[in-house]
Amino acid sequence: MTPTARIHRGTPRNLARLAARLRAGGLVAVPTETVYGLAADATSARACRRIFAAKGRPANDPLIVHIASLRDLARVSRPNEAALKLARKFWPGPLTIVLPKTGEVPDIVTAGLPSVAVRMPAHPLFRRLIRLAGRPLAAPSANPFGSVSPTTAEHVRKSLGSRIRDILDGGPARIGLESTIVDLRDPSRPAILRPGAITAVEISRLLRTRLVRARGPGRGKAQAQAAPGRMARHYSPRTPLFLHPRLSAAQVARGRPDEAWLFIARPAGIGGPNVFWLAAGGDVRGAARSLFSTLRRIDEAGFRILHAERAPCGGLGDALNDRLTRAAARDPSPKRLRRP
Ligand code: TXA
Ligand code: MG
């Protein structure tokens, strides 16, 4: 299908129009500092149902609710002291907090869970849009379910452009990986459900507690309900991906031309159309920023397989490795993933 969605610049007039569309129950793809999101009125079940339909997302995968002021946190959730501490320190920014929900949030948003995931994004255009819409906005990443998250307006147009009408362009995403998700339903047992740019070390330092390790993906329904984004094979490119601790020039030399190689830093002494890297000097921020767009480019080039290497552990490297591991996961066990 040909993409028919329009990409809008963030002029005051366009923002006012897009806010009106959101108030009327429509969908708008929006820029955030992490990845592009597909937004709808979080207080309207009808509007949020459209998100699931456009993405082909199973109903058991809850949405993140985005707010523009701390006052709105209590509108959608019941915050505790730990949550307020994290919010004051890291918001606006790439941190999502899971808390008990209020009646303001329809069940479809939280997949029937009594908890809601809340984030105050940092991108100025998205923040302005939330304010103009006058309500919290639910927004998952703006990609078809299970595929690579979009980090530019053009990525959104290519993958969802025939299913939505409006995309707000805010430039390339500054961080490039989805937000860190921390579960604070029980503030005495905070847990990281998805690693991101705000690290476990930063969170546990601020809360002065150890973080409970969330269990691995794919352990049945209970687990899928506690942290659906932890399902294996999320963020997947089409090209089968094999993850290696490290890649070397010798491996590339032994490989075939239809195999692609993805390094973290630019490798010395080798090159060619099948050799890719995430950041020339290997800095992890640059690598995170370009991961998803590089996976898209490799998909478009049509290689038979992709060999990728892990990032150095720690900090943002852990988030990068989390996405690479998921991209490398095979056999998605579709029954478990699709069951509503
Ligand atoms: O950076 C981001 O978080 C981006 C931008 C658009 O804000 N959003 C994003 O949304 O990555 P999405 O839908 O791709 O991932 C949301 C994940 C769900 O898959 C689930 O893991 C988790 O958030 N989540 C949402 N509500 C939850 C809840 N009540 N309890 C536990 N996890 C929840
Ligand atoms: Mg997503």
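What counts and what doesn't
- Residues numbered from 1 in each chain as written.
- Chains lettered and ligands numbered in written order.
- Predicted model: local features only at pLDDT ≥ 70, side-chain atom pairs only at ≥ 80, totals over all residues.
- Heavy atoms only, no water.
- Axes fitted to C-alpha atoms, helices over the stretch in contact; angles between N-to-C directions.
- Helix = DSSP H or I, 4+ residues; strand = E, 2+ residues; numbered from the N terminus.
- Parallel < 35°, antiparallel > 145°, perpendicular 65-115°, else oblique.
- Left-handed = near helix turned anticlockwise from the far one by under 90°.
- Contact = heavy atoms within 4.5 Å.
- Nonpolar A, V, L, I, M, F, W, Y, C, P; charged D, E, K, R; others polar.
- 1 Å grid on protein atoms, 1.4 Å probe; cavity = no way out; pocket = protein on both sides within 12 Å on 5 of 7 lines; lining within 4 Å.
- Points joined across faces, edges and corners; volume = space filled by probe spheres on them.
- Domains from an automatic or database assignment.
- Buried < 20%, exposed > 50% of the residue type's maximum accessible area, 1.4 Å probe, protein only.
- Polar contact = N/O pair within 3.5 Å; in protein donor to acceptor, adjacent residues only side chain to side chain.
- Pairing = 2+ DSSP bridges.
- Phe/Tyr/Trp six-rings, centres within 6.5 Å; stacked < 30°, edge-to-face > 60°.
- Buried area = accessible area lost by both parts, 1.4 Å probe.

1. Here we look at the packing of helix α4 (residues 81-90) against helix α7 (residues 200-207)
Logical step 1: Put simply, α4 and α7 touch, their axes get as near as 10 Å, and they point 125° apart. The angle between α4 and α7 places the two elements in the oblique class. Considering only the axes of α4 and α7, their crossing is right-handed. Contacts between α4 and α7 pair Ala82, Lys85, Leu86, Lys89 and Phe90 from the former with Glu202, Ile203, Leu206 and Leu207 from the latter.
Logical step 2: For the contact of α4 with α7, the per-class residue count stands at six nonpolar, no polar and three charged.

2. What about the layout of surface pockets?
Logical step 1: In this structure, the second largest pocket spans a volume of roughly 320 Å³.
Logical step 2: Considering the residues around the second largest pocket, the lining is formed by 14 residues, among which Ser159, Arg238, Arg296, Asp299 and Glu300 are closest to the centre.
Logical step 3: Elements with a minimum of two residues in the lining of the second largest pocket: α6 (153-160) and α10 (284-301).
Logical step 4: Among the elements that take part in the lining of the second largest pocket, α10 stands out by supplying five residues, more than any other.
Logical step 5: Broken down by class, the residue content of the lining of the second largest pocket amounts to three nonpolar, five polar and six charged.
Logical step 6: Taken together, domain 1 (6-213) and domain 2 (241-328) each give at least three residues to the lining of the second largest pocket, which thus spans both.

3. Considerations on unusual backbone geometry
With the exception of glycine, the majority of residues adopt a negative phi angle, and the majority of peptide bonds are in the trans configuration.
Logical step 1: In the segment running from Trp91 into Pro92, the intervening peptide bond is cis, with an omega of -5°.
Logical step 2: Take Pro92: it is sitting in the loop between α4 and β5 (95-100).
Logical step 3: Residues other than glycine seldom take positive phi values, yet Arg208 does so here, at roughly 55°.
Logical step 4: Here Arg208 lies in the loop between α7 and β11 (212-213).

4. Topic: the side chain of Thr180
Logical step 1: Looking at where Thr180 falls in the secondary structure, it is placed in strand β9 (residues 180-183).
Logical step 2: By relative accessible area, Thr180 is classed as buried at 1%.
Logical step 3: Among the polar contacts listed, one links the side chain of Thr180 to the backbone oxygen of Ile198, at a separation of 2.7 Å.
Logical step 4: Excluding residues within four positions of it along the chain, Thr180 makes contact with Pro94, Leu95, Thr96, Ile192, Arg194, Pro195, Gly196, Ala197, Ile198 and Ile203.

5. Looking at the sheet that holds strand β14 (residues 275-279)
Logical step 1: The four strands lie next to each other as β12-β15-β13-β14, forming an open sheet whose pairing is parallel. Both edges of this open sheet fall to β12 (241-244) and β14, since each of them pairs with a single strand only. Along the sheet, successive strands turn relative to each other by an average axial angle of 25°, direction set aside.
Logical step 2: Against the sheet, α10 engages β12, β13 (259-265), β14 and β15 (305-309), with an angle of about 150° to β14.
Logical step 3: On the sheet, helix α11 (residues 316-328) packs against β12, β13 and β15 and is oriented at approximately 135° with respect to β12.

6. Focus: the packing of aromatic side chains
Logical step 1: Counted under the stated rule, the structure contains one aromatic pair.
Logical step 2: With a centroid separation of 6.0 Å and an interplanar angle of 85°, the aromatic rings of Phe276 and Phe303 are classed as edge-to-face. With Phe276 in strand β14 and Phe303 in the loop between α10 and β15, the pair connects residues that are 27 residues apart, well separated along the chain. One exposure class covers both Phe276 and Phe303, and it is buried.

7. Things to note about helix α2 (residues 45-55)
Logical step 1: Where α2 is concerned, the buried positions are Ala47, Cys48, Ile51, Phe52, Ala54 and Lys55.
Logical step 2: Against the buried residues of α2 lie β3 (37-41), β7 (137-138) and α6.
Logical step 3: Two residues or fewer after α2 comes Gly56, characterised by a positive phi angle close to 65°.

8. Some points on the pairing of strand β6 (residues 115-119)
Logical step 1: Within β6, five of the five residues are buried, which leaves the element mostly enclosed by the surrounding structure.
Logical step 2: Alternating residues of β6 divide into Ser115, Ala117 and Arg119 and Val116 and Val118, and every residue in both groups is buried.
Logical step 3: As paired strands, strand β4 (residues 64-66) and β6 are joined by three bridges and run parallel to one another. Within the sheet, the bridge partner assigned to Ile64 lies in β6 and is Ala117.
Logical step 4: Two elements, β5 and β6, share five bridges in a ladder whose sense is antiparallel. Following the sheet pairing, Pro100 is matched in β6 by Ser115.

9. Describing the domain arrangement of the protein
Logical step 1: On domain assignment, one finds that the protein holds domain 1 (6-213) and domain 2 (241-328).
Logical step 2: Of note, the centres of domain 1 and domain 2, computed from C-alpha atoms alone, are 28 Å apart.
Logical step 3: At the junction of the two partners, domain 1 supplies 19 residues and domain 2 supplies 15 residues.
Logical step 4: Of the roughly 1300 Å² buried at the junction of domain 1 and domain 2 (both faces included), carbon and sulfur atoms supply 59%.

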